[in-house]
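# Coordinate inspection notes
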Amino acid sequence: MKQLLISFILILSIQTYFSQIINIEEKRYKNAEEGLQGNIDLSFRYTQNTRSVYQISNNISLLYRKEKLTHLFLNNITLVRSNNSDLVNYGYAHYRLIHMLSEKRFIKWESYGQIQYNSVQKIRQRILIGSGLRFKIVNSDSLQFNYGWSLMYEYEETTIPEFSNVIRNSNYLSLNWKISKSWEFKTITYYQPSIGDFADFRISNESTISHSLSKNFSIVVSVNFLYDSRPPVDVPVNNLNTSLLLRYKFKP
């Protein structure tokens, strides 16, 4: 029972501590109206049996839109401890300024800043500052295809400790495909090589396919993959996470 409980908490948090590259595509608001909108979630969970396990987390997503400018702020912190040992200790804060360059919303200029930490992957802190363009290549009711490019400054400090200052060429491709009324596929791939040293790069992919079983129930399969050519010492270059979940949505 003890192992089952800890495993369940880790499953709830696995998406959080796995990610080195934050998937901003999943956090974007579609057809956002002008003004302020978003959500703030705070949670605390404590269990006491043969071991004490507690989880503290917050998830903030705020967006303010005025004419052609959009401000997006994201924040997530997750801590899971068992008998004074961290099972998960992860967090990030992300701010993004989005400027619509095209009246048809095909081209956007985006600037962003981010700070994150991840004790499991030995990242004491990582600071990102970047700016670039986002292109909406296909936009229909059933298919959305986007490409994003930016130059990004990265400062990283590990728990070893080690330090690095890198300028990266950050690229991503995202695809949302409504295959049918019951099937939907989403995927995004990031490629972030270091300028001047292309042997130093990261590749990340997050993909999900969902199937609606009924009006309210759906089953979702997700696969997350990360390759980091130069991770901290004792951290593997490959990370793979797969999950299967049953989702219930309240619909009118």
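Residues numbered from 1 in each chain as written. Predicted model: local features only at pLDDT ≥ 70, side-chain atom pairs only at ≥ 80, totals over all residues. Heavy atoms only, no water.

By the naming in an unreviewed UniProt entry, the protein is DUF481 domain-containing protein, taken from Parvicella tangerina.

With that settled, consider the overall build of the protein. Each helix and strand in the protein was counted, giving one helix and twelve strands. Secondary structure elements in the protein, listed N-terminal to C-terminal, are α-β-β-β-β-β-β-β-β-β-β-β-β. Across the 252 residues that make up the protein, the buried fraction comes to 39%. Nonlocal contacts in the protein, meaning residues at least 24 apart in sequence, comprise 49% of its contacts between residues at least 6 apart. Roughly 14,200 Å² of accessible area belongs to the protein as shown, and the carbon and sulfur atoms make up 60% of that amount. (Helix = DSSP H or I, 4+ residues; strand = E, 2+ residues; numbered from the N terminus. Buried < 20%, exposed > 50% of the residue type's maximum accessible area, 1.4 Å probe, protein only. Contact = heavy atoms within 4.5 Å. Areas by Shrake-Rupley, 256 points an atom, 1.4 Å probe, with all protein chains shown as cover.)

As a further point, take the nonpolar core. Listed in full, the eleven residues of the largest apolar core are Ile22, Ile24, Ala32, Val53, Leu63, Leu72, Leu74, Val80, Val88, Tyr90 and Tyr92. Every element with two or more residues in this core is listed here: β2 (52–66), β3 (69–82) and β4 (85–100). Among the nonpolar cores identified, the runner-up in size contains five residues, and Ile21, Tyr172, Ile188 and Tyr190 belong to it. (Core = buried A, V, L, I, M, F, W, Y, C linked by side-chain atoms within 4.5 Å.)

On to the side chain of Glu154, then. Position of Glu154 relative to the elements: it lies in strand β7 (residues 143–158). Here the side chain of Glu154 touches Arg202 through a polar contact of 2.8 Å, side chain to side chain. Contact partners of Glu154, with chain neighbours within four places excluded, come to Arg126, Ile127, Leu128, Ser164, Asn165, Val166, Arg168 and Arg202. (Polar contact = N/O pair within 3.5 Å; in protein donor to acceptor, adjacent residues only side chain to side chain.)

Our next topic: the pairing of strand β6 (residues 123–139). Here strand β5 (residues 107–118) runs beside β6; their pairing, made up of eleven bridges, is antiparallel. The partner of Ser111 across the bridge, within β6, is Ser131. From the end of β5 to the start of β6, which pair antiparallel, there are four residues, and Lys122 there has a positive phi angle of about 60°. Direction of pairing for β6 relative to β7: antiparallel, over a ladder of 15 bridges. Opposite Lys136, over in β7, you have Asn146 as the bridge partner. Counted between consecutive antiparallel strands, the loop separating β6 from β7 contains three residues. (Pairing = 2+ DSSP bridges.)

As for its placement among the helices and strands, Ile107 is situated in strand β5. On the basis of relative accessible area, Ile107 is assigned to the partly exposed category, the value being 31%. Separated by 28 residues in the primary sequence, Ile107 and Phe135 place their C-alpha atoms 4.8 Å from one another. Beyond its immediate chain neighbours, meaning those up to four positions away, Ile107 contacts His99, Met100, Leu101, Ser102, Leu133, Arg134 and Phe135.

With antiparallel pairing, the twelve strands of this open sheet are ordered in space as β1-β2-β3-β4-β5-β6-β7-β8-β9-β10-β11-β12. Two strands bound the open sheet, and with one partner strand each, they are β1 (35–48) and β12 (238–248). Taking each pair of neighbouring strands and ignoring which way they run, the sheet shows an average axis angle of 10°. As paired elements, strand β11 (residues 217–228) and β12 share eleven bridges and run antiparallel to each other. Note on β12: the bridge partner recorded for Val223 is Thr242. (Axes fitted to C-alpha atoms, helices over the stretch in contact; angles between N-to-C directions.)

In this section: the packing of aromatic side chains. Under the defined criterion, the tally for this structure stands at six aromatic pairs. Ring geometry for Phe135 against Tyr147: centres 6.3 Å apart, planes inclined by 15°, an arrangement best described as stacked. Pair noted here: Phe135 is in strand β6 and Tyr147 is in strand β7, with a separation of twelve residues, a long-range link. Under the relative-accessibility criterion, Phe135 is labelled partly exposed at 29%. (Phe/Tyr/Trp six-rings, centres within 6.5 Å; stacked < 30°, edge-to-face > 60°.)

What follows is about the side chain of Ser207. Residue position: Ser207 is located in strand β10 (residues 197–212). For Ser207, the side chain forms a polar contact with the side chain of Thr187, separated by 2.7 Å. Beyond its immediate sequence surroundings of up to four residues, Ser207 is in contact with Phe185, Lys186, Thr187, Val221, Ser222, Val223 and Asn224.

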